[in-house]
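Structural overview
Given next are the chains, with one letter for each unit.
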Amino acid sequence: MVEQVLKERYQIQKQLGQNGGRQTLLARDLQTQELVAIKILTFGADFHWDDLKLFEREAQTLQSLSHRAIPHYLDSFKFQTSQTKGFALVQSYIEAKSLAEWVKLGRTFNEDDIKHIAKALLEILMYLHAQHPPVIHRDIKPSNILLANRSGNSVGQVYLVDFGSVQTLAATEGSTITVVGTYGYMPPEQFGGRAVPASDLYSLGAMLIYLVTGMHPADLPQEDLRIQFEPKIPLDSAFVDWLKRMTEPDLNRRLTSANQGLKSLKKQNHRTPIIVTKPTWSQVKINNNKTSIEVIIPDHNTLEKYTTIGLIWIMLINYFGRQFYLFFNNFSLILNESINVFFQGKLLISFIHILFIIIFCITPLIIVIKTFTKSTILRIDQHKISLNKRRKSPRKAILKLGFFQQYDTDWRVRRNIRIWAGTRQYNLPTEHLTDKEIDWIAHELSE
């Protein structure tokens, strides 16, 4: 179709891309002398009526949009030539390479570049999802993201193009949904024909993973449908966690909106690292790894009870010290004689020996075991929250951590830590803990 003129106005210059029966052409508007991009859908062997439905929806959607990072709608019409016929959609031409093209040319992106691209696309998605009804792109991938040449410290202007898979939430009601998108960048719910604003967040996160790893998301290993990309990249842990939340396969645990994703990303840049270490004298234990956290808080009453017993025991030892001193001097001789008697077939070991072993050896061991087995244990992993193994709850999308200050009747401050998983509430026993211990536990849970 090169050099042909469509609608006696648009002179075709060259082909920019092709996908099945759809082509994107570069043309010159003979009336304005401006370059334009024309997407055409032709009738052929690979034509499907669903393609026409999506083509018309794209034209209709672009007419309602006005954003500097989205192509502007200019015209649409039917056409027929000696070789073919079809439909044409004219858009403003953006002179920029796609991210897929930049990667093929060998361009690399550092963490700051990737965050800049992420912020720019999130702002575009905020605009799209704020429409009435919300506009869902459904096909965010490297070839649909244009990046103009770098200028100064900026990575370049970011554009989102190709709204051929676009869907509005209103279009899903009472109609058959066409499954569209690109494998590797599609969230699980989109395979079932369902798309919500959070679906675009998953695609965006997968596209960013492609930039940081240089690998197609479908080629990376998966575990429980989660893309395992961490070993491939040397990124800040907070940014890695953000990418995980963007590409969470479970809708209930994924970041829900572009606004939430942008706020979470910006917070990383303004966050001052806080280092809270465990008090050296604390009996609280925290076992933390990438997939779970366990907080063990010894029971206050148990500690207090057995500490009292220990003090009384020390006082008794001190009081009867002289008697014990004489006993210890003769203990080895008595024990040797008892052993000799035993091996002669007579069980003449004194009951006082047995009593001594129980009192001075076994009793302290029992105290230690009871002290550390009577503890409050909080466990949180990727699937559930449990407190002392008695109450269990599936982990919800948002884990709320509450930090409260209350006052006793004598106006003493009492600080509490509460956790919500959905509608369930978990209270950690912090009454006997110091402020430093509470701060440390809260910090570990927040992280």
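Structure shown above.
Remember, it's a predicted structure, so these values are computed and weren't measured experimentally.

**Some words on the nonpolar core**
Counting residues in each nonpolar core, the largest one holds 61 residues, and the members touching the most others are I117, M207, L208 and W242. Per-element accounting of this core gives the leading share, 10 residues, to helix 5 (residues 197-213). Residue contacts for L208: discarding those within four places in its chain leaves I114, I117, A118, W242 and L243.

**A word on the sheet that holds strand 10 (residues 158-160)**
Here we have three strands laid out as an open sheet, ordered 7-9-10, and antiparallel in their pairing. Whereas interior strands pair on both sides, the edge strands pair on one side only; in this sheet they are strand 7 (97-98) and strand 10. On the sheet, helix 3 (residues 111-129) packs against strand 9 (145-147) and strand 10 and is oriented at approximately 40° with respect to strand 10.

**Concerning the pattern of salt bridges**
Note on pairing: side chains with opposite charge can pair once their charged atoms come close. Under the counting rule described, the total for this entry stands at 11 salt bridges. Here D162 ties to K39 by a salt bridge, and the two come within 2.8 Å at their closest N and O atoms. Placement of the pair is D162 in the loop between strand 10 and strand 11 (167-168) and K39 in strand 4 (residues 35-42), with a sequence separation of 123 residues. Overall, the relative accessible area of 7% leaves K39 in the buried class. E294 is the partner of R379 in a salt bridge, and the nearest nitrogen-oxygen pair spans 2.4 Å. Residue R379 is found in strand 16 (residues 375-381), and its partner E294 is found in strand 15 (residues 292-298); the two are separated by 85 residues along the sequence. Classification of E294 as buried rests on a relative accessible area of 15%. A cluster of three or more residues bridged by salt bridges with shared partners is formed by K39, E58 and D162.

**Things to note about helix 1 (residues 49-64)**
For helix 1, spanning 16 residues, the distance from its first C-alpha to its last is 23 Å, which sits close to the expected 22 Å at 1.5 Å a residue. Regarding helix 1, the residues found buried are L52, L54, F55, R57, E58, A59, T61 and L62.

**Concerning the sheet that holds strand 4**
Judged by pairing direction, the sheet is antiparallel, and its six strands sit side by side in the order 1-2-3-4-6-5 without closing on themselves. Where the open sheet ends on each side, the last strands, each with one partner, are strand 1 (5-6) and strand 5 (73-80). Here strand 4 runs beside strand 6 (residues 85-92); their pairing, made up of seven bridges, is antiparallel. Bridge assignment links L41 to a residue of strand 6, and that residue is F87.

Criteria and cut-off values
- Residues numbered from 1 in each chain as written.
- Predicted model: local features only at pLDDT ≥ 70, side-chain atom pairs only at ≥ 80, totals over all residues.
- Heavy atoms only, no water.
- Core = buried A, V, L, I, M, F, W, Y, C linked by side-chain atoms within 4.5 Å.
- Buried < 20%, exposed > 50% of the residue type's maximum accessible area, 1.4 Å probe, protein only.
- Helix = DSSP H or I, 4+ residues; strand = E, 2+ residues; numbered from the N terminus.
- Contact = heavy atoms within 4.5 Å.
- Pairing = 2+ DSSP bridges.
- Axes fitted to C-alpha atoms, helices over the stretch in contact; angles between N-to-C directions.
- Salt bridge = Lys/Arg side-chain N within 4 Å of Asp/Glu carboxyl O.
- Expected span 1.5 Å × (residues − 1).

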